[in-house]
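# Fold and contact review
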Amino acid sequence: MSAISPSAAKTPESTSGQPLLSVRNLEVEYRTKRGRVKAVDHVSFDISTNEVLGLAGESGCGKSTIAHAVTRILKPPAYITGGQIMFKSTDILGMSDDELRAFRWEHLSIVFQSAMNALNPVLSVGAQIIDAIQAHMPVSKDEARARALELLDVVGIHSNRVDSYPHQLSGGMRQRAVIAIALALNPEMIIMDEPTTALDVVVQKQIIQEIRQLKDKFGFSILFITHDLSLLVEFSDRIGIMYAGELAEIGPSREIFDNPQHPYTVRLMNSFPTISGPRIELKGIPGSPPDLVTPPSGCRFHPRCDVAIAGRCQEEHPELQQTSPRHFAACHLIDERKGNS
Ligand code: SF4
């Protein structure tokens, strides 16, 4: 079991072989009047073809910032200040605006939390799908409309709603329409940033099941972002837990659920009901996430950690360590347990 330095070549991988998406040492900061906020700090992970990687953590932990960085839609005051994002052999951070326009939707699309904000209120959903198709493919309007009808059918919207405006659809239907747009060009990866958070739990569950079926049918990969860890355990192949801009733990979903290695992951799991597991008493996490203008020294979780090691956790920053072939966590307890602190 080895410690992983952020700059080391070996980082939390998905599987063997070339990953579809490879993020290395990503750094993003927000330049605010109060100072520089390191929202994402040396985060590395891979996603392979047809894999779902879920990112979870409390608000402000950096998970949505990662989604926005990968799709290059971050706007000032947010800046990518370091790292590399590769999509197969394409360097996303090195792309020109024209290259990015061609790349997005065709290879990588994104579904946001609020469908109402993602959809144009003055265009029918059909027109929006047709626009997305015609912006990237040399097809006639009739061909694009036929594809739009197909896509609506795929996401469970009756074709007679093709000329409906967003405000004429329910919240669930709007979110399905956004997913249809994301699927329009058969991308290899879809980034989903809290795609079901605004919906009630029944619709949420239906849509999650449908996304999973679509993934199996079309073979795309998903980077799925949510604050709801129990949802991720059901849905993802692997999970990454973010805390204060850093990756605290990453590994196969079942392993994280059965054998979490980081005290923050344990607290986070105890704060959500499981979807299909036994009933447990829910406990909040005491304290609140740190101010990232002046993050805590040592382990950023130490002010909230009830198992912190006195004299070490306040001083020494924990690096990700491998705890099983595909499981990594950043906590001093791991090597304390092994007796080689
Ligand atoms: Fe807690 Fe220390 Fe582990 Fe941080 S490194 S999570 S403070 S035990």
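Residues numbered from 1 in each chain as written. Predicted model: local features only at pLDDT ≥ 70, side-chain atom pairs only at ≥ 80, totals over all residues. Heavy atoms only, no water.

### With respect to the environment of Pro166
Which entries qualify depends on this criterion: Each helix is a run of DSSP H or I of at least 4 residues and each strand a run of E of at least 2, with the numbering of both proceeding from the N terminus. Here's how the labels work: a residue is buried when its accessible area is under 20% of the maximum for its type, exposed when over 50%, partly exposed in between, all with a 1.4 Å probe on protein chains only.
Assignment of secondary structure puts Pro166 in the loop between α5 (141-154) and α6 (171-183). Residue classification places Pro166 among the buried positions, given a relative accessible area of 0%. The spatial distance from the C-alpha of Pro166 to the C-alpha of Ile80 is 33 Å, given a sequence separation of 86 residues.

### Some remarks on the packing of aromatic side chains
We apply this condition: Centres within 6.5 Å make a pair out of two Phe, Tyr or Trp rings, where for Trp the six-membered ring is used; the pair is then stacked when the planes are under 30 degrees apart, edge-to-face when over 60, and tilted otherwise. Put simply, a charge is over a ring when the Lys NZ or the Arg CZ is close to the ring centre, within 6 Å, and near the line of the ring normal, within 35 degrees.
One pass over the full model with this rule turns up five aromatic pairs. Pairing Tyr243 with Phe301 gives two aromatic rings, centres 5.0 Å apart and planes at 80°, and the pair type is edge-to-face. With Tyr243 in strand β10 (residues 238-243) and Phe301 in the loop between α10 (263-270) and β12 (320-324), this pair connects stretches of sequence that are 58 residues apart. Side by side, Tyr243 and Phe301 carry an identical accessibility label, which is buried. Here Tyr264 and Phe301 contribute two aromatic rings whose centre-to-centre distance is 5.2 Å and whose plane-to-plane angle is 65°, an arrangement assigned as edge-to-face. Here Tyr264, found in helix α10, pairs with Phe301, found in the loop between α10 and β12; they are 37 residues apart in sequence, far enough to count as distant. Exposure remark for Tyr264: the relative accessible area of 0% places this residue in the buried category. In this structure Phe301 comes out as buried when scored by relative accessible area, which is 1%. Aromatic ring contacts, followed pair by pair, group Tyr243, Tyr264 and Phe301 into a single cluster. The ring centre of Tyr79 lies 4.2 Å from the NZ or CZ of Arg31, which sits over that ring. Above the ring of Phe235, the side-chain terminus of Arg212 is found at 5.8 Å from the ring centroid.

### Here's the deal with the confidence of the model for the protein chain
Our working definition: Every residue is assigned a pLDDT by the predictor, reflecting its confidence on a scale from 0 to 100. Note on definitions: a residue-residue contact is assigned when non-hydrogen atoms from the two residues lie within 4.5 Å.
Taken as a whole, the protein chain shows an average pLDDT of 89; of its residues, 91% reach a score of 70 or greater. Across residues 1-10, where pLDDT falls below 50, the model places 24 contacts with residues more than four positions away in sequence or in other chains.

### Some details on the site of the ligand
Defined as follows: Proximity is defined per residue: if any heavy atom of the residue lies within 4 Å of a molecule or strand, that residue is considered near it. A pocket, in this scheme, is an open set of points on a 1 Å grid over the protein atoms alone with protein on both sides within 12 Å along at least 5 of 7 lines, while a cavity is a set where a 1.4 Å probe fits but cannot get out; residues line either one if an atom lies within 4 Å of a point. Each molecule is checked against the cavity or pocket grid, and it sits inside if more than half of its atoms lie within 2 Å of the grid points. Only Asp, Glu, Lys and Arg are considered charged, only Ala, Val, Leu, Ile, Met, Phe, Trp, Tyr, Cys and Pro nonpolar, and every remaining residue, Gly among them, polar.
Taken together, His262, Pro263, Cys299, Phe301, His302, Cys305, Val307, Ala308, Cys313, Cys331, His332 and Leu333 form the complete shell of residues around the ligand. The cavity where the ligand resides is the largest cavity. Split into classes, the residues belonging to the shell around the ligand amount to nine nonpolar, three polar and no charged.

### Describing the sheet that holds strand β6 (residues 90-91)
The condition that has to hold: What makes two strands pair is DSSP finding at least two bridges between them. The angle between two axes is taken between their N-to-C directions and runs from 0 to 180 degrees, where each axis is a line fitted to C-alpha atoms and a helix contributes only its stretch in contact.
Strand order in the open sheet formed by four strands is β3-β2-β5-β6, and the pairing between neighbours is antiparallel. Each edge of the open sheet is held by one strand with a lone partner, namely β3 (35-47) and β6. Of the strands in this sheet, β2 (21-32), β3 and β5 (78-87) are in contact with helix α1 (residues 63-70), which crosses β2 at around 110°.

### Overview of unusual backbone geometry
The amide bond that connects Pro76 to the next residue, Pro77, takes the cis arrangement and shows omega of 15°. The topology assignment puts Pro77 in the loop between α1 and β5. With phi around 50°, Asn25 is a residue other than glycine that occupies positive phi space. Phi at Arg72 is positive, roughly 55°, even though this residue is not glycine. Along the chain, the position of Arg72 falls in the loop between α1 and β5. By relative accessible area, which is 23% here, Arg72 ends up partly exposed.

### Some points on helix α7 (residues 201-218)
In plain terms, the rule: Expected span of a helix: the number of residues minus one, times 1.5 Å. As used here, the arc is the angular range of directions from the helix axis to the C-beta atoms.
In a regular helix each residue adds 1.5 Å, so 18 residues correspond to 26 Å; α7 covers 25 Å between its end C-alpha atoms and thus fits that length. Within the sequence span of α7, burial applies to Val203, Gln204, Ile207, Ile208, Ile211, Leu214 and Lys215. Seen along its axis, α7 keeps its buried residues to an arc of 135°; they face one direction. Among the exposed residues of α7, those oriented more than 90 degrees off its buried face are Val202, Gln213, Asp216 and Lys217. Packing partners of the buried residues in α7 comprise β4 (52-56), α5, α6, β8 (189-193), β9 (221-225) and α8 (229-235). One or two positions beyond α7, positive phi appears at Gly219, with a value near 80°.

### Points about the domain arrangement of the protein chain
Frequently, the measure chosen for interface size is the accessible area removed from exposure when the parts meet. The criterion, for reference: The split into domains, and so the bounds of each, comes from an automatic or database assignment of domains. For any pair of parts, buried area is found by adding up, for both, the accessible area (1.4 Å probe) each one loses once the two are put together. Should a side-chain nitrogen of Lys or Arg be within 4 Å of a carboxyl oxygen of Asp or Glu, the pair is scored as a salt bridge. Definition of a polar contact: a pair of N or O atoms within 3.5 Å, with one able to donate and the other able to accept a hydrogen when the atoms are protein atoms, and with sequence-neighbouring residues admitted only if both atoms are side-chain atoms.
Structurally, the protein chain comprises domain 1 (8-107 + 187-340) and domain 2 (117-186). Contact residues are listed per partner, giving 19 residues for domain 1 and 13 residues for domain 2. Regarding the contact of domain 1 and domain 2, the summed buried area is about 1300 Å², with carbon and sulfur atoms giving 68% of it. Three residues, Trp105, Pro187 and Leu214, lead the burial of domain 1 against domain 2; their summed loss comes to 36% of the area buried on that side. Counting across the interface, domain 1 meets domain 2 through one salt bridge. At the boundary of domain 1 with domain 2, the tally comes to three residue pairs in polar contact (both at pLDDT 80 or more). Elements that contribute at least two residues to the side of domain 1 that touches domain 2 include exactly α2 (97-103) and α7. With eight residues, the single largest contributor to the side of domain 1 that touches domain 2 is α7.

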